[in-house]
Amino acid sequence: MKKILLVEDYEEKASNILAFLKQEFSNYKVIQCTSYNSAQEEIFEHGSDYSLILLDMSMSTYDLSTDASGGLPEPSAGQYILEGMFLRQIMTPVIVVTMYNVFGRKQLEAFDIDLKKDYPQNYKSYVYYSSQKNDWKNQLKKQIKEIVSNTPMGLETEIFIHGAICFGYSGRCFLSDFLAGRSANLGDCAQSCRWAYN
């Protein structure tokens, strides 16, 4: 069964989104994480098992419980999760569902551009959620349908990792492309450290 991960700590918003997903995407199993730590753990261990992640940007550090408050709120938790996905090469698409229109000192539209630039393999778009309006439902439905219709289940991703130690040490592989137009990533490095010696 296909799965969607909802990362949301605000109970009312989470229950509205869950009800929407149950109505519109009943063929998906929906898993919910309610804190930065639980979401990070789930995504880093099982992120590739999901067809989609719906991610809030601001959340509690820990799960709420009868004896714990959830810790301090983490205003950039969603961005930290995207960064971790990028570093671990977890390619699951992400839609941010947020109630805020300003992040730090950036308007939501500018923040959207930054996320698309910084995390293009994961971040697809955002939906502005409002408990007073229902237009978020149409936006979210459209975006989810677009993503899941263009993402075949079981899609394998091939990743090429440049293995020459000289790249990390001297930077010559990068210079080969810049100075000679011969890319090390295409196996065409012009630097002497890549030549065959007897």
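Conventions and cut-offs
- Residues numbered from 1 in each chain as written.
- Predicted model: local features only at pLDDT ≥ 70, side-chain atom pairs only at ≥ 80, totals over all residues.
- Heavy atoms only, no water.
- Helix = DSSP H or I, 4+ residues; strand = E, 2+ residues; numbered from the N terminus.
- Buried < 20%, exposed > 50% of the residue type's maximum accessible area, 1.4 Å probe, protein only.
- Contact = heavy atoms within 4.5 Å.
- Areas by Shrake-Rupley, 256 points an atom, 1.4 Å probe, with all protein chains shown as cover.
- Phe/Tyr/Trp six-rings, centres within 6.5 Å; stacked < 30°, edge-to-face > 60°.
- Patch = residues over 30% accessible without salt bridge, like charges linked within 9 Å, V, L, I, M, F, W, Y side chains within 5 Å.
- Salt bridge = Lys/Arg side-chain N within 4 Å of Asp/Glu carboxyl O.
- Pairing = 2+ DSSP bridges.
- Axes fitted to C-alpha atoms, helices over the stretch in contact; angles between N-to-C directions.

A. Broad picture of the overall build of the protein. In terms of regular secondary structure, the protein is built from seven helices and nine strands. Put simply, the protein has 198 residues, and 39% of those count as buried. A separation of at least 24 residues holds for 66% of the contacts in the protein among residues at least 6 apart in sequence. Accessible surface computed for the protein: about 12300 Å², of which carbon and sulfur atoms make up 50%.

B. Representation of the packing of aromatic side chains within the structure. Enumeration over the complete set of coordinates arrives at six aromatic pairs. Each ring, one from phenylalanine 20 and one from phenylalanine 25, has its centre 6.3 Å from the other, and the planes form 70 degrees; the classification is edge-to-face. Each member of the pair phenylalanine 20 and phenylalanine 25 is classed as buried. Ring centres 4.9 Å apart and planes at 55 degrees place the aromatic pair tyrosine 129 and tryptophan 136 in the tilted group.

C. Structural context of the environment of leucine 21. Mapped onto the elements of the fold, leucine 21 is located in helix H1 (residues 11-24). Classification of leucine 21 by relative accessible area gives buried; the value is 0%. Each C-alpha atom of the pair leucine 21 and leucine 6 lies 9.9 Å from the other, and the pair is 15 residues apart in sequence. If we skip the residues at most four places from it in the chain, leucine 21 touches Ile4, Ser26, Val30, Leu54 and Ile144.

D. Spotlight on a nonpolar patch on the surface. On the surface, Tyr10, Met99 and Tyr100 cluster together to form a nonpolar patch covering roughly 290 Å² of accessible area. Inspection of the secondary structure assignment puts tyrosine 10 in the loop between strand S1 (2-7) and H1. The exposure class assigned to tyrosine 10 is partly exposed, which follows from its relative accessible area of 40%.

E. Highlighting the sheet that holds strand S3 (residues 52-55). The sheet built from five strands is open, its strands ordered S2-S1-S3-S6-S9 with parallel pairing. Edge positions in the sheet fall to strand S2 (28-33) and strand S9 (123-128), since each has one partner strand and no second. Taking each pair of neighbouring strands and ignoring which way they run, the sheet shows an average axis angle of 20 degrees. Pairing analysis gives six bridges linking S1 to S2, with the strands arranged parallel. For lysine 3, the partnering residue across the bridge sits in S2 and is lysine 29.

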